[in-house]
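Listed here are the chains, written in short residue letters.
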Amino acid sequence: MRIAIIAPPYPLEEMPSPPLGVTYVAAAFEAAGAEVEIFDYIVSSYTKENLKKQLDAFRPDVVGATSVTMNFYEAQQIIRDVKNYNPEIITMMGGPHVSFTSMDTLKQYPEIDLIVIGEGEDTIAELVPVMNQKNKWHNIRGIAYRNGDEIIITGKRDFIADIDSISLPARHLLPLSRYRALGFPVSLITGRGCPYSCIFCLGRKMVGSKVRKRNSSLVLDEIETIIGYGFDRINIADDLFTADKERVKEICTGIKERSLKFVWSAFSRVDTISQEVFDLMAQAGCDSVSFGVETGNTEILKRIKKGINLEQVNAAVKMCQQAGMIAHASFIIGLPGETKDTLEETDKFARSTKAIYGYHFLAPFPGTTVREKIQDYDLEIITDDWNRYDANDAIVKTSALRPQDMHEFGHRYDEEMETDWNKIEVRYHEGKADVEDIMRVEGRWRMKLTYQILKNNIIEKSGFIEQPLLKGSADSTLRELSRRIREYTNANAKIVDDTIRDFAWRGYLRADISEKGCKWFWST
């Protein structure tokens with residue numbers, strides 16, 4: 001059985017890592033004996049023509065897609081295009097959004113045949129052998145599907161007890177050279193489960209309240225695999241990594257014993273750390289830690305059931321910096337009971353921590369406590385347009401705060417950041433920037449250029465250099481490719497030339513020279 005997994009479009013400005021959920025799903029299908037391909041539309045543009053080419057080449061029996069709320073519409077539309085291409089293809093979806101909207105999703109979108117609810121690996125293992133026998137689907141827990149006019153939900157599946165039995169993510173199926181060019185860290189999880197009850201988060205419902213930890217040696221094996229793919233930065237994405245000192249010590253010691261050379265970052269809760277843990281992490285190559293703080297108002301902290309206090313935030317930031325790492329803190333605009341005064345309180349507190357900090361807007365996703373019990377909070381949801389659920393837009397209001405007020409607060413922060421950045425760029429253009437500022441400016445320009453190249457499939461459009469321009473070497477065609485990209489993007493000539501040469505030197509781009517000319521293409 002051939003199964004195509006869709007990685008739907010996701011804004012490159014949101015700094016996507018190689019998709020973790022998609023690769024876990026692909027690995028589960030491979031483990032069940034299926035032939036699997038990933039159609040990745042995160043680092044290449046989606047068109048119906050591109051989809052048709054891939055479907056023609058692979059001829060899948062099943063096409064599945066995963067999505068979060070903000071890109072559900074894109075994923076659903078691709079599934080619709082698949083059905084229009086061939087109605088006989090079985091279509092399915094998974095991920096947090098459809099897990100909590102399965103009934104409504106199947107009612108509204110007839111192009112979706114089946115939904116995998118929640119943690120999917122064991123479900124997939126049972127589903128693959130009977131995929132073509134719909135009369136047996138009712139025996140499989142953890143799915144929802146349409147049977148004629150009836151929608152059947154088969155019941156909740158238990159969480160996987162032994163997560164060491166789960167196959168490593170199938171990252172080898174991704175267009176890795178494009179992700180290496182993009183330069184964002186690769187996400188990795190060391191366990192599943194969250195015992196906390198934050199009202200705005202899906203973690204507890206998606207992966208359970210019981211923490212299930214992976215064997216440290218398997219985590220280290222996965223790190224080695226990621227490094228082997230050519231990545232040099234990893235992010236440990238589970239919030240509870242720092243909670244178990246002995247396990248942190250095992251992994252950090254293993255990194256050093258295996259001589260693994262990479263830089264990494266981690267998420268953490270401020271109430272699960274110690275100076276010893278941070279020192280261990282820094283010694284093993286960790287350079288930054290991100291904390292979800294959410295608000296500087298103690299009453300709102302209690303209301304959202306965050307389970308931390310502001311003293312713990314200050315202590316965590318200081319310990320992180322004492323270890324020589326960068327501390328990041330994130331805050332949410334528009335929490336229940338928010339007022340102009342509480343926002344100002346948060347702003348004052350954020351500045352006082354001396355951490356690098358930022359804001360995003362509350363997005364009450366399907367499945368979250370804040371959405372399901374909205375009547376219990378001083379909060380009103382003003383739209384169910386899932387495209388706006390990207391945490392960059394005010395989609396709620398409180399009794400004291402309008403969406404406009406939230407936007408104004410966020411805009412003030414953005415303006416301040418932009419002013420600081422403009423000063424750096426002025427120093428750069430005046431030749432007064434230090435080495436760090438030069439790297440930051442050129443790094444941002446390179447990132448924007450890479451976005452344009454990937455989003456617009458520029459290598460595919462401009463990468464064939466005709467024979468008269470070949471002049472006997474791939475190097476001459478690389479100069480021509482750079483010229484075309486400069487013309488297409490109107491980007492800084494030095495940045496284009498340096499970036500394209502670096503991509504070629506690192507092997508992200510490769511050349512195929514024939515009697516017709518030279519074709520530049522992304523390596524796998």
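Preceding this section is the structure that the text describes.
Structure report, in brief. (Residues numbered from 1 in each chain as written. Predicted model: local features only at pLDDT ≥ 70, side-chain atom pairs only at ≥ 80, totals over all residues. Heavy atoms only, no water.)

## Here's the deal with the overall build of the protein
This is how the line gets drawn: Put simply, DSSP H or I for four residues or longer makes a helix, DSSP E for two residues or longer makes a strand, and each gets a number counted from the N terminus. Radius of gyration here uses only the C-alpha atoms, and the compact-globule reference equals 2.2 Å multiplied by the residue count raised to the power 0.38. Note on definitions: a residue-residue contact is assigned when non-hydrogen atoms from the two residues lie within 4.5 Å. Method for areas: the Shrake-Rupley scheme with a 1.4 Å probe, in which residue coverage is limited to the protein chains shown. Think of it this way: Lys and Arg go in the positive column, Asp and Glu in the negative one, and His and the chain ends go nowhere. Charge positions come from single atoms, namely NZ of Lys, CZ of Arg, CG of Asp or CD of Glu.
What the protein contains, in helices and strands, is 20 helices and 20 strands. For 524 residues, the compact-globule estimate of 2.2 N^0.38 gives 24 Å, and the C-alpha radius of gyration of the protein, at 24 Å, lies within 12% of that figure. The principal-axis extents of the C-alpha atoms in the protein amount to approximately 70 × 70 × 50 Å. In the protein, once contacts between residues fewer than 6 apart in sequence are set aside, the share between residues at least 24 apart is 68%. Here the protein has roughly 23900 Å² of accessible surface; of this, 49% comes from carbon and sulfur atoms. Side chains of the protein carry 67 positive and 77 negative charges; the gap between the two charge centres is 1 Å.

## Things to note about the packing of aromatic side chains
Just so we agree on the cut-off: Two rings from Phe, Tyr or Trp (for Trp, the six-membered ring) form a pair when their centres are within 6.5 Å of each other. A pair whose planes differ by under 30 degrees is stacked, one over 60 is edge-to-face, and the rest are tilted. To sort residues, take the accessible area from a 1.4 Å probe on protein chains only and compare it with the maximum for the residue type: under 20% means buried, over 50% means exposed, and anything in between is partly exposed. Distance and angle both matter: a charge sits over a ring if NZ of Lys or CZ of Arg is within 6 Å of the ring centre and within 35 degrees of the ring normal.
Counting across every chain of the model gives 18 aromatic pairs. The interplanar angle of 85° and the centroid separation of 6.4 Å between the aromatic rings of Phe331 and Tyr357 together place this pair among those described as edge-to-face. Of this pair, Phe331 sits in strand 14 (residues 326-333) while Tyr357 sits in strand 15 (residues 356-361); the two residues are 26 residues apart in sequence, bridging distant segments of the chain. Each of the two residues, Phe331 as well as Tyr357, counts as buried. Taking the centre distance of 5.2 Å and the plane angle of 80° together, the rings of Tyr428 and Trp445 count as edge-to-face. Pair noted here: Tyr428 is in helix 16 (residues 403-429) and Trp445 is in helix 17 (residues 435-455), with a separation of 17 residues, a long-range link. Judged on exposure class, the residue Tyr428 and its partner Trp445 are both buried. Among the aromatic residues, ring-to-ring pairing joins Phe331, Tyr357, Tyr359, Phe409 and Tyr413 into one connected group. The residue whose ring lies beneath Arg192 is Tyr24, and the NZ or CZ to ring-centre distance is 5.0 Å. Here the basic side chain of Arg444 rests over the ring of Trp421, its NZ or CZ set 3.7 Å away from the ring centre.

## Quick notes on the nonpolar core
Heads up, the condition is: For our purposes a nonpolar core is just a set of buried Ala, Val, Leu, Ile, Met, Phe, Trp, Tyr and Cys residues, chained together by side-chain atoms within 4.5 Å.
Formed by 157 residues in total, the largest nonpolar core has its most connected members in Phe29, Trp264, Phe278 and Met281. Those residues in contact with Phe278 that lie beyond four places of it in its chain are Thr242, Ile273, Val289, Phe291, Ala316, Met319, Cys320, Ala323 and Met325. Counting 6 residues, the second largest nonpolar core, distinct from the first, contains Leu20, Ile160, Ile166 and Ile189.

## Quick look at the sheet that holds strand 3 (residues 62-66)
Selection criterion: We treat two strands as partners when DSSP finds at least two bridges between them. The axes are straight lines fitted to the C-alpha atoms, using for helices just the contacting stretch, and the angles between their N-to-C directions are given from 0 to 180°.
What the 7 strands build is an open sheet, ordered 2-1-3-4-5-6-7; its pairing is mixed. The sheet terminates laterally at strand 2 (35-40) and strand 7 (150-153), the two strands that pair on one side only. Each neighbouring strand pair of the sheet contributes to a mean axis angle of 20°, computed without reference to strand direction. Relative to strand 2, strand 1 (residues 2-7) is paired through 6 bridges, and the arrangement is parallel. Bridge assignment links Ile3 to a residue of strand 2, and that residue is Val36. Along the sheet face, helix 1 (residues 20-31) touches strand 1, strand 2, strand 3 and strand 4 (90-94) and points at about 175° away from the line of strand 1.

## Considerations on the side chain of Ser482
Mapping Ser482 onto the fold places it in helix 19 (residues 474-489). The contacts of Ser482, once residues within four sequence positions are left out, are Val496, Asp497 and Ile500.

## Here we look at the side chain of Thr489
Which entries qualify depends on this criterion: For this analysis, a polar contact is any N or O atom pair within 3.5 Å, provided that within protein one partner can donate a hydrogen and the other can accept it, and provided that sequence-adjacent residues contribute only side-chain to side-chain pairs.
By the element assignment, Thr489 lies in helix 19. Polar side-chain contacts of Thr489 include one of 2.7 Å to the backbone oxygen of Ile485. Non-local contacts of Thr489, meaning those with residues more than four positions away in its chain, are made with Leu449, Gln452, Ile458 and Val496.

## As for the pairing of strand 1
Spelled out, the test is: When the strands point away from the viewer and the connection leading from the first strand across the helix to the second strand turns clockwise, the crossover is called right-handed.
Across the 6 residues that make up strand 1, a large majority, 5, are buried. Read from strand 1 through helix 1 to strand 2, the crossover connection turns out right-handed.

## Some points on the pattern of salt bridges
The criterion, for reference: Salt bridges are identified by distance alone: a Lys or Arg side-chain nitrogen within 4 Å of an Asp or Glu carboxyl oxygen.
Throughout the structure, instances matching the rule amount to 43 salt bridges. We note a salt bridge from Asp475 to Arg479, for which the minimum N-O separation is 2.7 Å. Here the residue Asp475 and the residue Arg479 both occupy positions in helix 19, the gap between them amounting to 4 residues, near one helical turn. Exposure remark for Asp475: the relative accessible area of 35% places this residue in the partly exposed category.

## Some thoughts on helix 16
Applicable threshold: Multiplying 1.5 Å by the helix residue count minus one yields the expected span of that helix.
Between its terminal C-alpha atoms helix 16 stretches 38 Å, which fits the 39 Å expected from 27 residues at 1.5 Å a residue. Where helix 16 is buried, its residues contact strand 14, helix 14 (340-352), strand 15, strand 17 (396-397) and helix 17. Backbone geometry just downstream of helix 16 places Gly431 in the positive-phi region, at approximately 75°.

## So, helix 14
In an α-helix, one turn spans 3.6 residues, which is why side chains three or four residues apart end up on the same side. What counts, and what does not: Relevant arc is that of directions from the helix axis to the C-beta atoms, nothing else.
Across its 13 residues, helix 14 extends 19 Å between first and last C-alpha, which sits within 8% of the 18 Å expected from 1.5 Å per residue. Of the positions making up helix 14, those classed as buried are Thr342, Leu343, Thr346, Asp347, Phe349 and Ala350. Along the axis of helix 14, the buried residues cluster in a sector spanning 170°; they form a single face. Looking at helix 14, the residues exposed on the side facing more than 90 degrees away from the buried face are Asp341 and Lys348. Residues of helix 14 that are buried in the fold lie against strand 13 (286-294), helix 12 (298-303), helix 13 (310-322), strand 14, strand 15 and helix 16. The N-cap of helix 14, judged by a side-chain oxygen 3.2 Å from the amide nitrogen of Asp341 a few residues on, is Thr339. Just past helix 14, the residue Lys354 takes up positive phi, approximately 70°.

## Here's the deal with the layout of surface pockets
The criterion, for reference: Definitions used for this entry: grid spacing 1 Å over protein atoms alone; cavity, a set of points where a 1.4 Å probe fits but cannot get out; pocket, an open set with protein on both sides within 12 Å along at least 5 of 7 lines; lining residue, one with an atom within 4 Å of a point. Grid points are joined across faces, edges and corners, and a volume is the space filled by probe spheres set on the points. Just so you know the grouping, Ala, Val, Leu, Ile, Met, Phe, Trp, Tyr, Cys and Pro go in nonpolar, Asp, Glu, Lys and Arg go in charged, and all remaining residues, Gly too, go in polar.
Estimates place the volume of the second largest pocket at around 670 Å³. Every residue lining the second largest pocket is counted, 25 residues in all, and those nearest its centre are Ser44, Gln54, Pro175, Arg178 and Glu460. Secondary-structure elements contributing two or more residues to the lining of the second largest pocket are strand 2, helix 2 (48-58), helix 7 (176-182), helix 18 (458-462) and strand 20 (517-522). With 4 residues, the top contributor of residues to the lining of the second largest pocket is strand 20. In the lining of the second largest pocket, the residues fall into 10 nonpolar, 10 polar and 5 charged.

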